[in-house]
Amino acid sequence: MISRPKGTNDILPDEIWRWHKLEAMIRKECACFGFKEIRTPIFEETHLFQRSIGEATDIVEKEMYTFLDKGGRSMTLRPEGTAAVVRAFVENNLKGAGLPAKLYYLGPMFRYERPQAGRYRQFHQFGIECFGSLEPALDAEVIMLAHELYQKIGVKDVVLKINSIGCPDCRPKYLEKLRSELAKYKDRLCENCQRRSITNPLRVLDCKEEKCQEVIADLPHLQDYLCDECSLHFTNLKKILDIWELPYVEEPRLVRGFDYYTKTVFEFCFDDLGAQNAIGAGGRYDKLVEEIGGESTPAVGFAMGMERTLLAVGDKWQKEPEIDLYIVSIGQETKEEALRQLLLARRHGIRTEMDILNRSVKAQFKQADRLDTKYCLILGPDELKDNRVKLRNMQSGEESEYQISEWLGGLKL
Ligand code: ATP
Ligand code: MG
């Protein structure tokens, strides 16, 4: 037997309704906030991700699905959405259509990670990217959409963590300090962090290893090194969140795994999920558009992990019935009429099933129950002779007789 690749999932017909429901909520919320969908390729030239996410990040160093195509070009299955959206924003001159540009995407992402609960090699993200303003109102717009969406989805105890990681003006000073501090504790860091403390010291703050956590707790705070502009930006963002009464926690160690972030970074956590408790995250990236070759345009983005969000929803959602009508035919002589009524009902947009396995009447009713149908149309040989049929409301049990040309009018869907 051939199995699916490690770290991937089959989303089965039984659970797809949860995905459809989540996607419908996402699209509705995006419409409400004025975000429009963009669909970019699932693979891009490798150097797009190297340039944007950063060479010395976990994703680029070890998690990318990279391959040479038949033309010898290095391609990579997208590990995240922002780089590709920014590429498309620049390439298609979306700035020309006016700013702010408010875009969203939905789809699979690929990272070669160690699979575990809530961590897969193919997973799905919903994300938004908002281009065109240096104002904290842009950050707030993105955070508010994410917050509202989690509330509507029913993940109410989600915790918003925010931080500012500064800009190319103020961060280098902090990084210098961080490097010298980390050098002192080198022996107490994991192997990965020993390397990162030189190549990309900010990443050390993101390390989940316990022994590194101990060192991290004593490190200086980035917030104490912010320049006036970054500091004011952060204060003003918090003011807007306060106006909306959106609760947040300031998390001075929050840095996120991408190099492109400037100023604001944030994360939404749901603690019941254990180690993989981040169900969404994002930040501001004022230099990325330029980095990818566009005219300098500040921007903010957010990405939600859809599998983890659905794990957080748990069994809070009720499945809606998936069919409206089941046609029960009693005896062979009613089968022809059942076929006609089946087509008629479906042509009217009614979700309809009938038996095609030649089941007994009892088994047909059982199947109707299993499918959780709202109505049964019952074709009995005696009634049919008088052109009459019965319609049974499966919730109330109420049954009415109709002329065969009139039963459709008896459905209340
Ligand atoms: P983590 O800290 O869990 O590794 P991350 O910082 O790598 O997350 P992002 O790249 O910011 O995550 O992606 C945004 C969201 O996508 C995460 O908050 C998470 O919900 C989800 N996500 C990231 N990686 C995976 C994965 N391998 N499998 C499932 N969901 C993921
Ligand atoms: Mg990760």
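Let us look at the structure shown here. (Residues numbered from 1 in each chain as written. Chains lettered and ligands numbered in written order. Predicted model: local features only at pLDDT ≥ 70, side-chain atom pairs only at ≥ 80, totals over all residues. Heavy atoms only, no water.)

### Considering the overall build of the chain
Put simply, the rule reads: A helix here means a DSSP run of H or I that spans at least four residues, while a strand means a run of E at least two residues long, and both kinds are numbered starting from the N terminus. Radius of gyration: over C-alpha atoms. The globule rule applied is 2.2 Å multiplied by the number of residues raised to the 0.38 power. Here, residues are in contact when the closest pair of their heavy atoms is within 4.5 Å. Accessible surface is estimated by sampling points in the Shrake-Rupley manner with a 1.4 Å probe; for residues, cover comes only from the protein chains shown. Under the counting rule used here, the positive set is Lys and Arg, the negative set is Asp and Glu, and His together with the chain ends is not counted. To locate a charge, take NZ of a lysine, CZ of an arginine, CG of an aspartate or CD of a glutamate.
A tally of helices and strands in the chain yields 14 helices and 16 strands. Since a compact globule built from 413 residues should have a radius of gyration of about 22 Å, the 28 Å found for the chain marks it as more spread out than a globular shape. By principal-axis analysis of the C-alpha atoms, the chain measures approximately 90 × 50 × 45 Å. Sequence-distant contacts in the chain: of pairs separated by 6 or more residues, those separated by 24 or more amount to 68%. In the structure as shown, the chain presents an accessible area of about 20900 Å², 49% of it carried by carbon and sulfur atoms. In the chain, which carries 60 positive and 66 negative side-chain charges, the distance between the mean positions of the two groups comes to 2 Å.

### A few points about the packing of aromatic side chains
To keep things clear, this is the line we draw: Note on aromatic pairs: the rings of Phe, Tyr and Trp (six-membered ring only in Trp) are paired at centre separations within 6.5 Å, and the planes decide the class, stacked below 30 degrees, edge-to-face beyond 60, tilted for the rest. Definition used: whenever NZ (Lys) or CZ (Arg) falls within 6 Å of the ring centre and also within 35 degrees of the ring normal, the charge is taken to sit over that ring.
This structure, assessed with the given rule, holds 16 aromatic pairs. Following the ring pairs from residue to residue traces out a cluster consisting of F89, F131, F258, Y260, Y261 and Y285. One cation-aromatic arrangement involves R121 over Y112; the distance from NZ or CZ to the ring centre is 3.9 Å.

### Topic: the sheet that holds strand β12 (residues 325-329)
Put simply, the rule reads: Here, a strand pair is defined by DSSP locating no fewer than two bridges between the strands. To get an axis, a line is fitted to the C-alpha atoms, and for a helix only the part in contact is used. The angle between two axes follows their N-to-C directions and goes from 0 to 180 degrees.
Read from one edge of the open sheet, 5 strands run β13-β12-β14-β15-β16, paired in mixed fashion. Two strands in the sheet have a free side with no partner beyond their single neighbour: β13 (352-354) and β16 (399-403). Averaged over neighbouring strand pairs, the angle between their axes works out to 25° when direction is ignored. One ladder, built from 3 bridges, connects β12 with β13; its direction is parallel. Considered in β13, the bridge of L325 is made with T352. Sitting on the sheet, helix α13 (residues 361-370) is in contact with β12, β14 (375-379) and β15 (388-393), with an inclination near 175° to β12.

### So, the sheet that holds strand β1 (residues 36-37)
Ordered in space as β1-β5-β6-β11-β10-β9-β7-β8, the 8 strands form an open sheet in which the pairing is mixed. Across the chains shown, the open sheet's two edge strands, defined by having one partner strand only, are β1 and β8 (249-250). In this structure, strand β10 (residues 278-284) lies alongside strand β11 (residues 299-305), joined through 5 bridges in antiparallel fashion. Among the inter-strand pairings, G280 is bridged to a residue of β11, identified as M304. Across the sheet, helix α5 (residues 136-153) is in contact with β5 (101-110), β6 (122-131), β7 (159-164), β9 (262-269), β10 and β11; its angle to β11 comes to roughly 20°.

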